[in-house]
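Tertiary structure, described
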Amino acid sequence: MATKNKTTIYWALLKNKGWNIYLAATSKGLCFVGSQNMPFEELSVWAERRFPGSPLVEDGEKLQPYAVELIEYFKGKRMSFTVPFDYNGTEFQLAVWNALCEIPYGQTKSYSDIANYIQRPAAVRAVGAAIGANPVLITVPCHRVVGKNGSLTGYRGGLDMKTQLLDMERQVFADNK
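Under an unreviewed UniProt entry, the name given to the protein chain is methylated-DNA--[protein]-cysteine S-methyltransferase, and the organism recorded is Peribacillus loiseleuriae.

Listed below in structure tokens is the structure:
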């Protein structure tokens with residue numbers, strides 16, 4: 001009987017300026033960025049769903065390149081990410097996640113803006129579901145998506161985390177003008 005190869009998932013806890021976030025990567029790239037101050041269980045439950053039976057191995061050294069870019073982001077020195085990603089999703093989810101990466105730092109777009117951008121204007125709810133499934137918070141900036149009237153809407157990391165990220169980006173953006 002053939003055994004399926006399991007993907008090793010390396011993880012580390014990033015602690016920086018009051019942010020405690022679990023990061024995870026495979027040998028291919030960053031695959032998970034957790035919610036602020038959430039327990040390890042957020043990562044382990046996600047990993048079991050997305051990579052059933054795969055080992056979780058703590059390895060701060062392997063996560064260092066990802067942590068460096070996130071720390072630069074928190075310091076206002078990085079506005080986009082260059083690390084490789086290993087996120088898996090449907091063709092639709094990938095289109096949405098790629099569209100999120102096009103939202104400029106310090107700015108927001110609505111769910112309907114994203115639906116229009118991917119040329120699926122009637123798929124606003126599906127866009128919301130795809131955004132909710134984004135496994136790599138911050139680095140794929142789903143926090144930059146707001147309601148059509150500009151109101152803050154759901155966020156896996158919670159509205160407090162979304163507010164902090166948007167406020168930080170607006171401040172850095174204003175300071176750099």
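What follows concerns the overall build of the protein chain. Tallying secondary structure elements over the protein chain gives six helices and six strands in all. For the protein chain, whose C-alpha radius of gyration is 16 Å, the value lies close to the compact-globule estimate of 16 Å for 177 residues. If you line up the protein chain on its principal axes, its C-alpha atoms span 55 × 40 × 25 Å. For the protein chain, the proportion of its 177 residues judged to be buried stands at 46%. Here the contacts in the protein chain between residues at least 6 apart in sequence split such that 59% fall between residues at least 24 apart. Working note: accessible area of the protein chain is about 9,400 Å², and carbon and sulfur atoms make up 50% of it. Charge centroids of the protein chain, computed over 20 positive and 16 negative side chains, lie 5 Å from each other.

Considered for burial, the residues of helix H1 (residues 40–50) that qualify are Glu42, Leu43, Trp46 and Ala47. For H1, the angular spread of the buried residues around the axis is 120°, confining them to a single face. Set apart from the buried face of H1 by more than 90 degrees, the exposed residues are Glu41 and Arg49.

This brings us to the nonpolar core. Of all hydrophobic cores here, the largest spans 44 residues; its most connected members are Leu23, Phe74, Val96, Leu100, Val127, Ile138 and Leu165. Mapped onto this core, the elements with two or more residues apiece are strand S1 (9–16), strand S2 (19–25), strand S3 (30–33), helix H2 (60–74), helix H3 (91–100), helix H4 (111–117), helix H5 (124–132) and helix H6 (159–175). With six residues, H2 is the largest single contributor of residues to this core. Mapped onto the domain boundaries, this core takes at least three residues apiece from domain 1 (9–75) and domain 2 (91–176). Contacts of valine 127, omitting those with residues within four sequence positions, involve Phe92, Val96, Tyr111, Ile114, Ala115 and Ile118. Counting ten residues, the second-largest nonpolar core is a separate cluster that includes Tyr22, Ala24, Cys31 and Ala47.

Their axes nearest at 9 Å, the elements H3 and H5 cross at an angle of 80°. When the axis of H3 is compared with that of H5, the two are roughly perpendicular. In contact with Phe92, Gln93, Val96, Trp97 and Leu100 of H3, H5 contributes Ala126, Val127, Ala130 and Ile131. Along the lines of polarity and charge, the residues of the contact of H3 with H5 split into eight nonpolar, one polar and no charged.

Further remarks concern the UniProt feature "domain: Methylguanine DNA methyltransferase ribonuclease-like" (unreviewed entry) in the protein chain. Within this numbering scheme, the UniProt entry marks residues 9–87 as carrying the feature "domain: Methylguanine DNA methyltransferase ribonuclease-like" (unreviewed entry). Annotated as 33% helix and 28% strand, the span residues 9–87 places its first and last C-alpha atoms 12 Å apart.

Looking now at the packing of aromatic side chains. By the definition in use, this model includes eleven aromatic pairs. Taking the centre distance of 5.7 Å and the plane angle of 55° together, the rings of tryptophan 11 and tyrosine 22 count as tilted. Here tyrosine 22 lies in strand S2 and tryptophan 11 lies in strand S1, a separation of eleven residues in the sequence. We note that tryptophan 11, like tyrosine 22, is buried. Ring centres of tyrosine 22 and phenylalanine 40 lie 5.5 Å apart, and the angle between their planes is 75°; this geometry places the pair in the edge-to-face category. Of this pair, tyrosine 22 sits in strand S2 while phenylalanine 40 sits in helix H1, placing them 18 residues apart in sequence. For tyrosine 22, a relative accessible area of 14% translates into the label buried. Clustering of aromatic rings is evident, with ring pairs tying together Trp19, Tyr73, Phe74, Phe81 and Tyr105. A cation sits over an aromatic face here: lysine 62 above tyrosine 10, 4.9 Å from the ring centre.

What counts and how
Residues numbered from 1 in each chain as written. Predicted model: local features only at pLDDT ≥ 70, side-chain atom pairs only at ≥ 80, totals over all residues. Heavy atoms only, no water. Helix = DSSP H or I, 4+ residues; strand = E, 2+ residues; numbered from the N terminus. Rg over C-alpha atoms; globule rule 2.2 N^0.38 Å. Buried < 20%, exposed > 50% of the residue type's maximum accessible area, 1.4 Å probe, protein only. Contact = heavy atoms within 4.5 Å. Areas by Shrake-Rupley, 256 points an atom, 1.4 Å probe, with all protein chains shown as cover. Lys, Arg positive; Asp, Glu negative; His and termini not counted. Charge placed at Lys NZ, Arg CZ, Asp CG, Glu CD. Arc of directions from axis to C-beta. Core = buried A, V, L, I, M, F, W, Y, C linked by side-chain atoms within 4.5 Å. Domains from an automatic or database assignment. Axes fitted to C-alpha atoms, helices over the stretch in contact; angles between N-to-C directions. Parallel < 35°, antiparallel > 145°, perpendicular 65-115°, else oblique. Nonpolar A, V, L, I, M, F, W, Y, C, P; charged D, E, K, R; others polar. UniProt positions renumbered as here; feature names shortened; annotations may be inferred. Phe/Tyr/Trp six-rings, centres within 6.5 Å; stacked < 30°, edge-to-face > 60°. Lys NZ or Arg CZ within 6 Å of the ring centre and 35° of its normal.

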